[in-house]
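Close look at the chain arrangement
Spelled out, the chains give:
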Amino acid sequence: MNYELKTRLFHFKQPAGTSRGVYTTRRSWFVTFKDANGVAGVGECAPLPQLSCDDIPDYEEVLNRLCERVAATGELDDALLRPYPSMRFGIETALLDLHTDNGIFYDNPFTRGEVGIPINGLVWMGSHEEMLARMEEKISLGFRCVKFKIGAIDFEQEVDLIRRVRERFSADEVEIRLDANGAFAPSEALGKLERLAVFGIHSIEQPIRQHQWRDMAHLCQTSPIPIALDEELIGVNLHAMKEDLLDIIHPAYIILKPSLHGGIAGTEEWVALAGKRGIGSWMTSALESNVGLCAIAQLAAKVYGCPPSMPQGLGTGMLFTDNVDRPIKIVGNKLFYSS
């Protein structure tokens with residue numbers, strides 16, 4: 001088996017704002033494995049700058065070495081790959097693509113085109129007017145689960161946006177998820193969560209920054225809104241570390257991005273460990289192109305069933321002006337696979 005690496009820079013249709021900054025472009029590495037018959041499989045390695053635990057200066061050099069080893073042995077070395085989740089995800093995807101027909105990794109109602117996966121509509125950070133317009137657009141498109149990125153503008157303006165949704169739609173009609181990306185200080189977090197709770201919020205991701213386990217555990221115990229962990233899971237790659245985090249913090253949910261949280265194998269490990277503790281989970285993408293998004297959607301359908309019991313966060317792969325063509329499309333509030 002041999003391999004090839006190519007890099008590509010994607011451009012967002014509109015700036016993607018988070019509390020950590022604004023993305024206008026996105027770089028991915030694509031690994032292609034080819035067997036002796038010329039059959040090829042492609043996977044996407046897409047670390048997020050200043051967030052992924054494998055966002056390292058010599059990323060391409062390390063990725064080359066890992067691909068060389070896989071090409072030579074045909075096997076994945078778990079211990080070697082655990083520190084590099086985005087690389088692992090791309091390599092795993094490429095091998096699945098290589099060894100399956102027509103890019104279908106798992107046979108289920110989703111990949112057969114029979115069932116769509118419900119997804120949340122994502123409202124990116126922006127000015128009050130921009131976020132209001134994006135919110136109106138998502139609801140008009142038929143989304144009944146809307147996720148707001150908060151923490152970048154004035155908190156009172158964000159409260160006003162959420163109030164507007166609730167004035168028009170009850171919690172039974174539109175589910176609201178929030179993602180603070182660690183924007184709240186521990187001293188103010190509970191007060192803000194209490195302000196937001198009156199609007200019937202489904203959950204809030206990462207209200208305070210990661211690596212504050214004691215404060216996060218206290219919030220999970222006292223918050224009137226169920227808390228979901230996202231960034232907190234980054235870099236927690238060992239089985240025992242995952243158990244410690246879940247046992248100490250015990251969130252209501254964990255949000256899994258295979259590029260950040262251990263690739264396919266690591267994501268399945270997180271789901272299993274959380275499930276044993278009564279902790280819910282769902283999957284989302286980490287701003288990959290349609291190559292990564294297609295793989296994550298297939299994994300979500302395998303892990304959570306078709307359709308899954310909760311909306312997934314799988315719309316972000318559609319954000320680029322120069323995306324890669326894959327047989328997935330959003331119709332209404334669902335993601336469909338159409339081979």
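I will try to describe carefully the structure that is included in this document. (Residues numbered from 1 in each chain as written. Predicted model: local features only at pLDDT ≥ 70, side-chain atom pairs only at ≥ 80, totals over all residues. Heavy atoms only, no water.)

**Digging into unusual backbone geometry**
What is expected of a backbone is that most residues other than glycine have negative phi and most peptide bonds are trans. Here the bond from Cys-306 into Pro-307 is cis, since omega is -5°, no more than 30 degrees from zero. Among the structural elements, Pro-307 can be located in the loop between α10 (290–304) and β12 (328–331). Positive phi, normally seen in glycine, also occurs at Asn-102, with a value near 60°. Structurally, Asn-102 can be placed in the loop between α3 (85–99) and β4 (117–118). Asn-102 gets classed as exposed once you look at its relative accessible area, which sits at 68%. (Helix = DSSP H or I, 4+ residues; strand = E, 2+ residues; numbered from the N terminus. Buried < 20%, exposed > 50% of the residue type's maximum accessible area, 1.4 Å probe, protein only.)

**A closer look at the nonpolar core**
Residues Phe-148, Leu-178, Phe-184, Leu-196, Ile-204, Ile-254 and Leu-314 are the most contacted members of the largest nonpolar core, which totals 66 residues. Sort the elements by how many residues they give to this core and α10 lands first, with nine residues. For Leu-196, the residues in contact, after removing those within four places along its chain, are Ile-150, Phe-155, Val-159, Ile-162, Leu-178, Phe-184, Ile-201 and Ile-225. If you look at the next biggest cluster of nonpolar residues, it comprises 18 residues, including Cys-45, Val-62, Leu-63 and Val-70. (Core = buried A, V, L, I, M, F, W, Y, C linked by side-chain atoms within 4.5 Å. Contact = heavy atoms within 4.5 Å.)

**Description of the sheet that holds strand β13 (residues 334–337)**
Two orientations exist for strands paired in a sheet by backbone hydrogen bonds: parallel and antiparallel. Strand order in the open sheet formed by three strands is β4-β13-β12, and the pairing between neighbours is antiparallel. Two strands in the sheet have a free side with no partner beyond their single neighbour: β4 and β12. Of the pairings in the sheet, the one linking β4 to β13 comprises two bridges and is antiparallel in character. Bridge pairing links Ile-117 to Leu-335 in β13. (Pairing = 2+ DSSP bridges.)

**Observations regarding the packing of helix α8 (residues 239–249) against helix α9 (residues 263–276)**
In the contact formed by α8 and α9, the axes pass within 10 Å of each other and the chain directions differ by 40°. Classified by the angle their axes make, α8 and α9 are oblique. As for the relative orientation of α8 and α9, their crossing is right-handed in sense. Only Gly-266, Glu-269, Trp-270, Leu-273 and Ala-274 of α9 make contact with α8, whose side of the interface consists of His-239, Lys-242, Glu-243, Leu-245 and Leu-246. Class assignment of the residues belonging to the contact of α8 with α9 gives a composition of five nonpolar, two polar and three charged. (Axes fitted to C-alpha atoms, helices over the stretch in contact; angles between N-to-C directions. Parallel < 35°, antiparallel > 145°, perpendicular 65-115°, else oblique. Left-handed = near helix turned anticlockwise from the far one by under 90°. Nonpolar A, V, L, I, M, F, W, Y, C, P; charged D, E, K, R; others polar.)

**Points about the environment of Ile-204**
Turning to its location among the elements, Ile-204 is positioned in strand β8 (residues 203–205). The spatial distance from the C-alpha of Ile-204 to the C-alpha of Leu-178 is 4.5 Å, given a sequence separation of 26 residues. Those residues within four positions of Ile-204 in sequence are excluded, and the remaining contacts are Ile-150, Leu-178, Ala-180, Phe-184, Leu-193, Ile-225, Pro-226, Ile-227 and Ala-228.

**Regarding the packing of aromatic side chains**
Counted according to the given criterion, the structure contains nine aromatic pairs. Measuring from centroid to centroid gives 4.7 Å for Trp-29 and Tyr-59, while their planes differ by 40°, and the two rings are tilted. One end of the pair, Trp-29, is in strand β2 (residues 21–34); the other, Tyr-59, is in helix α1 (residues 59–73), with 30 residues separating them in the sequence. The same class applies to Trp-29 as to Tyr-59, namely buried. Relative to Tyr-337, the ring of Phe-110 has its centre 6.0 Å away and its plane inclined at 65°; by these criteria the two rings are edge-to-face. (Phe/Tyr/Trp six-rings, centres within 6.5 Å; stacked < 30°, edge-to-face > 60°.)

**Notes on the pattern of salt bridges**
Taken as a whole, this structure holds 22 salt bridges when the rule is applied. Residue Glu-175 pairs with Arg-177 through a salt bridge whose shortest N-O separation is 3.2 Å. The exposure class of Arg-177 is buried, given its relative accessible area of 1%. A salt bridge links Glu-188 to Lys-192; the shortest N-O distance between them is 3.3 Å. In this pair, Glu-188 and Lys-192 are both assigned in helix α6 (residues 186–197), four residues apart and thus about one turn of the helix distant. Residue class for Glu-188 comes out partly exposed when judged on its relative accessible area of 32%. What emerges from the salt-bridge pattern is a single network uniting Asp-78, Arg-82, Arg-88, Glu-92, Lys-242 and Glu-269. (Salt bridge = Lys/Arg side-chain N within 4 Å of Asp/Glu carboxyl O.)

**Section: the pairing of strand β6 (residues 145–149)**
Taken residue by residue, a regular strand's side chains alternate between the two faces of the sheet. By the criterion of burial, β6 is predominantly enclosed, with five of the five residues buried. As paired elements, strand β5 (residues 121–123) and β6 share three bridges and run parallel to each other. The residue bridging Val-123 from the neighbouring strand is Phe-148, located in β6. The parallel pair β5 and β6 is bridged by helix α4 (residues 128–140), and the resulting crossover is right-handed. In the sheet, β6 pairs with strand β7 (residues 175–179) via five bridges, with the strands oriented parallel. Its bridge partner being in β7, Lys-147 is matched across the sheet by Arg-177. (Right-handed = clockwise from strand over helix to strand, strands pointing away.)

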